[in-house]
Amino acid sequence: MLSNKQSIALTGFMVFGIFVFGILDILDHFIVLTLLTLVFFSIVVNLFYVKYTSRKENHSSITKTKL
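Residues numbered from 1 in each chain as written. Predicted model: local features only at pLDDT ≥ 70, side-chain atom pairs only at ≥ 80, totals over all residues. Heavy atoms only, no water.

Asks: Explain the nonpolar core here, please?
Replies: Membership of the largest hydrophobic core is limited to five residues, which are Met 14, Val 32, Leu 36, Val 39 and Ile 43. Here the element with the most residues in this core is helix H2 (residues 30-66); it accounts for four residues. Beyond its immediate stretch of four places on either side in the chain, Val 39 contacts Leu 10, Phe 13 and Met 14. (Core = buried A, V, L, I, M, F, W, Y, C linked by side-chain atoms within 4.5 Å. Buried < 20%, exposed > 50% of the residue type's maximum accessible area, 1.4 Å probe, protein only. Helix = DSSP H or I, 4+ residues; strand = E, 2+ residues; numbered from the N terminus. Contact = heavy atoms within 4.5 Å.)

Structural data, given as structure tokens:
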């Protein structure tokens, strides 16, 4: 889904956004909260997707070597 560099860039964008919008005191606005929430959930979904696919690939390679 996302590469490691893209995940790190999204995490940096989220941290930078929280920092800047917090200083500007516009962190409560609906659009800002929506954008930051979407970025956060995309990072979390990607984390679980990568974890699940790596476990599935690892399991399938183990079963192929046993046969």
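Asks: Would you mind going over the side chain of Ser 7 with me for this structure?
Replies: Assignment of secondary structure puts Ser 7 in helix H1 (residues 4-23). By relative accessible area, Ser 7 is classed as buried at 18%. Setting aside chain neighbours within four positions, we find Ser 7 in contact with Leu 2 and Asn 46.

Asks: Please explain H1 as it appears in this structure.
Replies: Three- or four-residue spacings in an α-helix give side chains the same orientation, since the helix completes a turn every 3.6 residues. For H1, with 20 residues, the first-to-last C-alpha span of 29 Å sits near the 28 Å given by 1.5 Å per residue. Restricting attention to buried positions, one finds in H1 the residues Ser 7, Met 14 and Gly 17. What you see down the axis of H1 is that its buried residues fit within an arc of 85°, all on one side. Exposed and oriented more than 90 degrees from the buried face of H1 are Asn 4, Lys 5, Ile 8, Phe 16, Phe 19 and Ile 23. The positive-phi residue at the C-terminal boundary of H1 is Asp 25, with phi of around 60°. (Expected span 1.5 Å × (residues − 1). Arc of directions from axis to C-beta.)

Asks: Just checking my understanding: could you explain the side chain of Asn 46 for this structure?
Replies: Considering the arrangement of structural elements, one finds Asn 46 in helix H2. Take Asn 46: its relative accessible area is 4%, and that puts it in the buried class. A distance of 3.0 Å separates a polar atom in the side chain of Asn 46 from a polar atom in the side chain of Ser 7. (Polar contact = N/O pair within 3.5 Å; in protein donor to acceptor, adjacent residues only side chain to side chain.)

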